[in-house]
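# Per-entry structural report
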Amino acid sequence: MIGRYRAALLLAGVVALLASAAAQQTGAFALLGGKAAIVSKFWAAGGSGETYALNVQQFTTSGATIKAYDIDMQHLMHMVIVRDDFATFAHEHPSFNATTGIFVQNFTKEPNHKYYAFADTSPKGIGQQVFRFTLESDGEAAAYKLSTAPSSYNEKAGPYNVLLQKTTIRAQTPQKLDLTVVEGDDPATDLVPYLGAAAHVVMIDISTLSYVHVHPTLKGQTMSMKPNSMRATMVAAQKAGPFMDVTLPALPAGVYKTWVQVAGGPAKTVYTAAFTIVAK
Ligand SMILES: [Cu+2]
């Protein structure tokens, strides 16, 4: 039982911490199915206007700064930043200072919204760790209504349409979904890998804010339509898609805001399609 005295001390400590420079946050572990093995700290330093430097520094459980990270998907850290209403999605790659062990990412927010930042790293010898932080709203947070209905299975991403096999799925069951990228009426022919994967899928549970990040794989090379041209597409090493499988882990029942990122076109531009997937 925590006595009144201890509670008061605790409160004083929290107040002191909040008052300290650039209020540090300890991240909440967010990787679905994973376990926290490190401690992750975050602070946002204000610059001009709505632009902030988002800092992350991570520690072993004994308090040593972690400076050795494995490269995952071509980067030391992936930072996903979503607005409180899940209407915006950013996938950034913070710069890393190997001397201090601090990652920094500049981010421009919109007023009257808070944001959730997910820092995804693989500390050497530990494996994947994802922590969530909150970038608070300056000014009163705007009211919003979250849609909890499954979205269309067909959503736009730049010049493409991304088609998921379905957006209502079974909870607590690993499953595979078809993912197809089309341009106009035809399967897209100019997709390229993005960060070493055919596509990237990030899902965030709107109530628990837990995080899932999976990489679709290319379907086998036997296609029912245009076999010759599709085969030609597949064998060229720098191509990706347009027919893929997304393998999902067993997901708790819930509503998942989902972003599918693909790259393509002459400039290898990255495009994002947003879905709402309901697991029940
Ligand atoms: Cu990815």
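It should be noted that the structure appears before, not after, this text.
Residues numbered from 1 in each chain as written. Predicted model: local features only at pLDDT ≥ 70, side-chain atom pairs only at ≥ 80, totals over all residues. Heavy atoms only, no water.

## Describing the pattern of salt bridges
- In this structure the tally under the stated criterion is seven salt bridges.
- For Lys-219, the salt bridge identified is with Asp-178, shortest N-O distance 2.6 Å. Of this pair, Lys-219 sits in the loop between strand E19 (217-218) and helix H2 (227-235) while Asp-178 sits in strand E14 (residues 175-183), and the two are 41 residues apart along the sequence.
- By relative accessible area, Lys-219 is classed as partly exposed at 25%. (Salt bridge = Lys/Arg side-chain N within 4 Å of Asp/Glu carboxyl O. Helix = DSSP H or I, 4+ residues; strand = E, 2+ residues; numbered from the N terminus. Buried < 20%, exposed > 50% of the residue type's maximum accessible area, 1.4 Å probe, protein only.)

## Topic: the coordination of the copper ion
- His-200 (ND1), His-213 (NE2) and His-215 (NE2) make up the full set of protein donors to the copper ion, lying at 1.8 to 2.1 Å.
- Between consecutive donors of the copper ion, the numbers of intervening residues give the motif H-x12-H-x1-H. (Donors = N, O, S within 2.8 Å, 3.2 Å for Na, K, Ca; no water.)

## Describing the sheet that holds strand E8 (residues 102-108)
- Pairing is antiparallel in the open sheet, where five strands are placed in the order E1-E3-E4-E8-E7. Where the open sheet ends on each side, the last strands, each with one partner, are strand E1 (25-26) and strand E7 (95-97).
- In this structure, E7 lies alongside E8, joined through three bridges in antiparallel fashion. Residue pairing for E8: Phe-96 is matched across the bridge by Phe-103. (Pairing = 2+ DSSP bridges.)

## Remarks on the packing of aromatic side chains
- Applying the stated criterion to the full structure yields 10 aromatic pairs.
- Centroid distance Phe-42 to Phe-133: 4.7 Å. Interplanar angle 15°. Geometry classified as stacked. Of this pair, Phe-42 sits in strand E3 (residues 39-46) while Phe-133 sits in strand E10 (residues 129-135); the two residues are 91 residues apart in sequence, bridging distant segments of the chain.
- One aromatic cluster is present, built from ring pairs that chain together Tyr-69, Phe-96 and Phe-103. (Phe/Tyr/Trp six-rings, centres within 6.5 Å; stacked < 30°, edge-to-face > 60°.)

## Let's talk about the side chain of Gln-58
- By the element assignment, Gln-58 lies in strand E4 (residues 51-59).
- Look at Gln-58 and you get buried, because its relative accessible area is 0%.
- Polar contacts involving the side chain of Gln-58 include one to the side chain of Ser-40, which spans 2.8 Å.
- At 3.0 Å, the side chain of Gln-58 forms a polar contact with the side chain of Thr-121.
- In this structure, Gln-58 is in contact with Ile-38, Val-39, Ser-40, Ala-64, Thr-65, Ile-66, Tyr-69, Gly-101, Thr-121 and Phe-131, ignoring residues within four places of it in sequence. (Polar contact = N/O pair within 3.5 Å; in protein donor to acceptor, adjacent residues only side chain to side chain. Contact = heavy atoms within 4.5 Å.)

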